[in-house]
Amino acid sequence: MNILSPSTIQQATRLLNEHDGAIVMAGATDLLVNWPSNLNAHERTYLDISSISELAFHSFSENELVLGALCTYWDIIDDPCAMQHTKLLVDAARTVGAVQIQTRGTWAGNIANASPAADGVAALMALDAQVTLTSATGSQTIPLDTFYLDYKKTRCSHDQLITDIRVPLVRPEFASFVKVGARCAQAITKVGVAIAQTDANWRIVVNSMAPVVKRCAAIEHLLNSQTPVHSPRDFAQAIEADLAPVDDIRSTASYRKAVLARVLYHELAPCCPWFSKNGISKNGINQ
């Protein structure tokens, strides 16, 4: 394998331009999962950005949180300001692997890896995050919810590097992150949803329900219009309009749709006065 080790953003973008197909790595947590069995990966060229100190930061200003490309999940978990201003990100970060993964894995890597099951991406997208892509010719900032084109396909070209992620600091009136997996920890998501409400506008983002992490326009419209909801079944039409999950080794499409409907209902019923709450028992199970 060929390792390129730039120490500045300028060097990194120049090398990306010169080595078409080079794979950017930082924490390498996604890369190493399949390393023993993916022999073709051993022959690739990798751009290791872990020595670029100008990317190792996160900062809060009056209006936004900026996550440098080397900011880890633990950087956010461990920051009291994050718990105060962006608790949704803290909640999502705590579901990613174990502490060893949280201290190495980066938010930018979670975005770039383009996994449909990415927990960090769902939370960032629900908070209207934007991604800065930098090449040797300049930078552009795009909304995260437009970043994915299809499964493992993004708007990041071969010569561009994710240099930061920008999250507006508009505290949601309601926010929740729910991950359903085979275990309570260290499990890939079967059904995931990040919910945020700001100024009566809802953001619903799901993972493991489509080829990409996806905002759900029909579900958002159902909530923004305050359409009466009496049970989880009332989400079925909107879920069908937004999503086409598949059967795979972790779950089935029918299970995913049913669980997402129940999660949405039980998370939202306590805070949405136009929901019927008669079907919620003490343990939160619809009767």
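Parameters at a glance
Residues numbered from 1 in each chain as written. Predicted model: local features only at pLDDT ≥ 70, side-chain atom pairs only at ≥ 80, totals over all residues. Heavy atoms only, no water. Buried < 20%, exposed > 50% of the residue type's maximum accessible area, 1.4 Å probe, protein only. Helix = DSSP H or I, 4+ residues; strand = E, 2+ residues; numbered from the N terminus. Pairing = 2+ DSSP bridges. Expected span 1.5 Å × (residues − 1). Contact = heavy atoms within 4.5 Å. Core = buried A, V, L, I, M, F, W, Y, C linked by side-chain atoms within 4.5 Å. Axes fitted to C-alpha atoms, helices over the stretch in contact; angles between N-to-C directions. Phe/Tyr/Trp six-rings, centres within 6.5 Å; stacked < 30°, edge-to-face > 60°. Salt bridge = Lys/Arg side-chain N within 4 Å of Asp/Glu carboxyl O.

Draft legend 1. Focus on the pairing of strand S11 (residues 174-180). With 5 of 7 residues buried, S11 lies mostly within the body of the structure. In this sheet, strand S12 (residues 191-198) lies alongside S11 in antiparallel orientation, the contact comprising 7 bridges. The residue bridging valine 180 from the neighbouring strand is valine 191, located in S12.

Draft legend 2. Broad picture of helix H11 (residues 253-268). The terminal C-alpha atoms of H11 lie 23 Å apart, and with 16 residues this matches the ideal 22 Å at 1.5 Å per residue to within 8%. For H11, the set of buried residues is Ala253, Arg256, Val259, Leu260, Ala261, Val263, Leu264, Tyr265, His266 and Leu268. Among the structural elements, S11, S12, strand S13 (201-207), helix H9 (217-224) and helix H10 (236-242) are those in contact with the buried residues of H11.

Draft legend 3. Spotlight on the nonpolar core. Membership of the largest hydrophobic core comes to 56 residues, with the highest contact counts inside it found for Ile49, Trp107, Ile111, Leu124, Leu144, Tyr148 and Ile165. In terms of residues, this core owes the most to one element, helix H8 (residues 119-126), which gives 6 residues. Among the nonpolar cores identified, the runner-up in size contains 31 residues, and Ile204, Phe235, Leu243 and Cys272 belong to it.

Draft legend 4. Examining the sheet that holds strand S10 (residues 161-168) more closely. Taken together, 5 strands build an open sheet; the order of strands is S4-S5-S10-S6-S7 and the sheet is antiparallel. Two strands in the sheet have a free side with no partner beyond their single neighbour: strand S4 (58-60) and strand S7 (138-143). Shown here is a sheet whose adjacent strand axes are inclined to one another by a mean of 20 degrees, direction ignored. As defined by bridge partners, strand S6 (residues 130-135) adjoins S10 across 5 bridges and the pair is classed as antiparallel.

Draft legend 5. View of the packing of aromatic side chains. All chains considered together, the criterion is met by 6 aromatic pairs. Ring centres 6.0 Å apart and planes at 55 degrees place the aromatic pair phenylalanine 235 and phenylalanine 275 in the tilted group. On the criterion of sequence distance, the pair formed by phenylalanine 235 in the loop between H9 and H10 and phenylalanine 275 in the segment after H11 is long-range, its members being 40 residues apart. In terms of burial, phenylalanine 235 and phenylalanine 275 fall into one category: buried. Three or more aromatic residues joined by ring pairs form one cluster here, namely Phe235, Tyr265, Trp274 and Phe275.

Draft legend 6. The sheet that holds strand S3 (residues 45-48), seen in detail. Taken in spatial order, the 3 strands of this open sheet run S1-S3-S2, and their pairing is parallel. Each edge of the open sheet is held by one strand with a lone partner, namely strand S1 (2-4) and strand S2 (23-25). The sheet shows a mean angle of 30 degrees between the axes of neighbouring strands, taken without regard to direction. Judged from the 3 bridges that link them, S1 and S3 form a sheet pairing that is parallel. Residue pairing in the sheet places asparagine 2 in a bridge with threonine 45 of S3.

Draft legend 7. Up close: the pattern of salt bridges. A full pass over the atoms with the stated rule returns 10 salt bridges. Between glutamate 18 and arginine 14 there is a salt bridge, with the nearest N and O atoms lying 3.3 Å from each other. With glutamate 18 and arginine 14 both in helix H1 (residues 9-18) and 4 residues apart, the pair spans about one turn of that helix. When the shortest N-O distance is used, the salt bridge between arginine 215 and aspartate 145 registers 3.0 Å. With arginine 215 in strand S14 (residues 214-215) and aspartate 145 in the loop between S7 and strand S8 (148-150), this residue pair connects regions lying 70 residues apart in the sequence. Overall, aspartate 145 belongs to the partly exposed group, its relative accessible area being 35%. Residues participating in the shared-partner salt-bridge network are Glu64, Asp164 and Arg166.

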